[in-house]
There are 2 protein chains.
Amino acid sequence: MQIAIALFERFTSLDAVGPYETLSRLPGAETVFVAERPGPVRNDNGSLALVADRAFADVPAPDVLVVPGGPGQSDHMTDETLLAWLRSADATSTWTTSVCTGSLLLAAAGLLKGRRATSHWLALAELGRFGVESTGERVVFDGKYVTAAGVSSGIDMGLALIGRIAGEEQAQTVQLLTEYDPQPPYDAGSPQKAPAHLVEKFRAGSRFGQ
Amino acid sequence: MQIAIALFERFTSLDAVGPYETLSRLPGAETVFVAERPGPVRNDNGSLALVADRAFADVPAPDVLVVPGGPGQSDHMTDETLLAWLRSADATSTWTTSVCTGSLLLAAAGLLKGRRATSHWLALAELGRFGVESTGERVVFDGKYVTAAGVSSGIDMGLALIGRIAGEEQAQTVQLLTEYDPQPPYDAGSPQKAPAHLVEKFRAGSRFGQ
């Protein structure tokens, strides 16, 4: 089973590494980071670079496709190299997945039309503009399309997908080995839970408008 | 404020990226990945490489020191280049932190003697052998030393540390923007919660012995 995680400049690192750390532990999985060209790809902060070991052209038919998000997503909504690869990889994939604003890239490629999907809470309205039924859920399965909400939600998605692919015990194994027994010291992880003035501040400053 | 995250071959990626994704969002923070030599550093699976932008020698006095763990930790318990850098960076750090078996490296450097600390659940007994009061807690503060349990716990540590450094509202901001509202699809994230036969299987196969 080949798992391909797409990278582009100014991706958000945990969007990619959350699913990576879970899915790459599937027995027999080959996980590969791919980008337009092989080499280091910088994240949104600029202080982290993950190496893409392969070019899109070298990974034409992954079984599982993972598209992270991040501020750089905006620059790629009409990037035909990326979008064409997403479409052709999706044509033969068993699972096509995204984290955060990665769902906007899947939507821009035309892959989510008429489907239920999710995204970062600041991007849900934007996702709806692509003919997607945008939900606020953390992980959404619709057929072979699996989308996760913002940044950290890719860990939950990875475990849920392992459950579907390899069964509950394998997912529990990965959860145990990654000691995923979350104990956030605050309870502000969603717009429903965070202080209202913070939610408003980031809605007002969002690149997607309010 | 300079935050240095140490890398070594066969580190576990989420150990490093969990604290990175949270701490790098501190206003004014400069975050840098460091290793013995600059360049790509491969993780435990071999399919991920993070770039170390600087050598240890180029980052002599970070304010915050983060040491991830992973299978490669075992190879560095007597690595005097790494241990000497940990000691000298710690001499002037404001916070010295670890995730997972990174605490064993801090312990090998002599930095945790007599302190309370934690580690991956499989490594707690090993940590005790270094004169450390080994706890099973997820995040442990003892003075300026902050240690986190296995892999994913570095996210909780990062948020807790942001709260100490910059206050509750800044931590809530980072939690909201990373949408850290965890909803694990299974409840097997600790040895107390996972099926007993899985816990026993991994204890029996642990590189630290039973």
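Before reading further, recall that the structure is shown in the block above.
Counting restarts for each chain, with residues numbered from 1 along the sequence as it is written. Numbering of ligands from 1 and lettering of chains from A proceed in the order in which they are written. Residues qualify for local features only when their pLDDT is at least 70, as the model is predicted, and side-chain atom pairs are given and counted only at 80 or more; totals for whole chains, interfaces and linings, by contrast, use all residues. Each side-chain value is derived from all of the structure's non-hydrogen atoms; neither hydrogens nor water enter the calculation.

Caption draft 1: The relation of the copies chain B and chain A, seen in detail. What sets the superposition is a least-squares fit of C-alpha atoms, and only residues with pLDDT of at least 70 in both copies go into it. Overlay of chain B on chain A (RMSD 0.0 Å): rotation 180°, translation along the axis 0.0 Å. Put plainly, the chains are arranged around a two-fold axis. Residue L50(B), judged by its C-alpha, is the member of chain B lying nearest the rotation axis, at 2.4 Å. Any pair of residues with heavy atoms lying within 4.5 Å of one another is described as a contacting pair. An overlap of 100% is found between the interface residues of chain B and their copies at the interface of chain A, pointing to a shared contact surface.

Caption draft 2: Representation of the interface of chain B and chain A in the model. Of the residues lining the interface, 64 residues belong to chain B; the matching set on chain A comes to 64 residues. Sorting the residues of chain B by area buried against chain A places L176(B), E179(B) and Y186(B) first, and these three jointly supply 14% of that buried surface. Definition used for salt bridges: Asp or Glu carboxyl oxygen within 4 Å of a side-chain nitrogen of Lys or Arg. Counting every contact that joins chain B to chain A gives 4 salt bridges. When the shortest N-O distance is used, the salt bridge between D53(B) and R42(A) registers 2.8 Å. Whenever a nitrogen or oxygen atom comes within 3.5 Å of another N or O atom, the pair is scored as a polar contact, on the condition that within protein one atom can donate a hydrogen and the other can accept it, and that pairs from neighbouring residues in sequence are kept only if both atoms are in side chains. Linking chain B with chain A are 44 residue pairs in polar contact (both at pLDDT 80 or more). Of all the elements in the fold, those that place two or more residues in the side of chain B that touches chain A are α1 (13–23), β2 (30–35), β3 (39–42), β4 (49–52), α5 (153–166), α6 (168–177) and α7 (196–205) of chain B. Of the residues forming the side of chain B that touches chain A, the biggest block, 8 residues, is contributed by α6(B). Nonpolar residues are Ala, Val, Leu, Ile, Met, Phe, Trp, Tyr, Cys and Pro. Charged residues are Asp, Glu, Lys and Arg, and all others, Gly as well, are polar. Classifying every residue of the side of chain B that touches chain A by side-chain character gives 31 nonpolar, 20 polar and 13 charged. Simply put, the buried area is the total loss of 1.4 Å probe accessible area from both parts when two parts are fitted together. Strands here mean DSSP runs of E at least two residues long; helices mean DSSP runs of H or I at least four residues long; both are numbered from the N terminus.

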